[in-house]
Amino acid sequence: SDNIGYYGGIKELKVYRDGKLLDTINNIEDNIALDYINFNFHDHNLDGYLDFTVPLNDKFPMYYLFNPKTQKYQRAEDWDYLRDYTVDKDNKIIRSNSYDYPEVEMYKIDGLKLIKLNP
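Residues numbered from 1 in each chain as written. Predicted model: local features only at pLDDT ≥ 70, side-chain atom pairs only at ≥ 80, totals over all residues. Heavy atoms only, no water.

As for the pattern of salt bridges
Pairing between side chains becomes possible if they bear opposite charge and their charged atoms approach one another. The final tally for this structure, using the stated rule, is three salt bridges. A salt bridge links D80 to R75, with the shortest nitrogen-to-oxygen separation between them at 2.8 Å. For R75, a relative accessible area of 26% puts it in the partly exposed group. Between K116 and E105 there is a salt bridge, with its nearest N and O atoms 3.4 Å apart. Of the two residues, K116 is situated in strand β10 (residues 113-116) and E105 in strand β9 (residues 104-110); the sequence distance between them amounts to 11 residues. Note on E105: relative accessible area 11%, which makes it buried. (Salt bridge = Lys/Arg side-chain N within 4 Å of Asp/Glu carboxyl O. Buried < 20%, exposed > 50% of the residue type's maximum accessible area, 1.4 Å probe, protein only. Helix = DSSP H or I, 4+ residues; strand = E, 2+ residues; numbered from the N terminus.)

Focus: the sheet that holds strand β8 (residues 93-97)
The antiparallel open sheet is built from four strands, whose spatial order is β7-β8-β9-β10. Both edges of this open sheet fall to β7 (86-88) and β10, since each of them pairs with a single strand only. Going across the sheet, the axis of each strand differs from the next one's by a mean of 30°, ignoring polarity. The pairing of β8 with β9 spans five bridges and is antiparallel. Paired with N97 across the strands is V104, a residue of β9. (Pairing = 2+ DSSP bridges. Axes fitted to C-alpha atoms, helices over the stretch in contact; angles between N-to-C directions.)

A look at the layout of surface pockets
Considering only enclosed or pocket space, the largest pocket measures out at about 200 Å³ in volume. Listed by contribution, the elements that provide at least two residues to the lining of the largest pocket are β4 (51-55) and β5 (61-67). Across the lining of the largest pocket, the residue classes tally to seven nonpolar, five polar and two charged. (1 Å grid on protein atoms, 1.4 Å probe; cavity = no way out; pocket = protein on both sides within 12 Å on 5 of 7 lines; lining within 4 Å. Points joined across faces, edges and corners; volume = space filled by probe spheres on them. Nonpolar A, V, L, I, M, F, W, Y, C, P; charged D, E, K, R; others polar.)

And the structure:
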């Protein structure tokens, strides 16, 4: 859509499961002006539900995590700016190498939220 943000984007994204409308997400911007939006699917918070990301900018993804209580996707701003992360699945710990900082940041996955473990 030409009506979304500076570079356009997706005005309305409808998510279906088994032919039934599950969720509608509005106004996903093409923040890096590729003329398309790349979706990546993965269970980021290890809850057994498929989540997805779209580009936040040219370096970081924007996370949409599935909320099983509401049966909808929820924008998870706590997850923004994770970069090159690895996951300890047994302990639900994320180790992220931030683009702007040389040190490793560690987070505990708590449902849809991240809890920072080191300052």
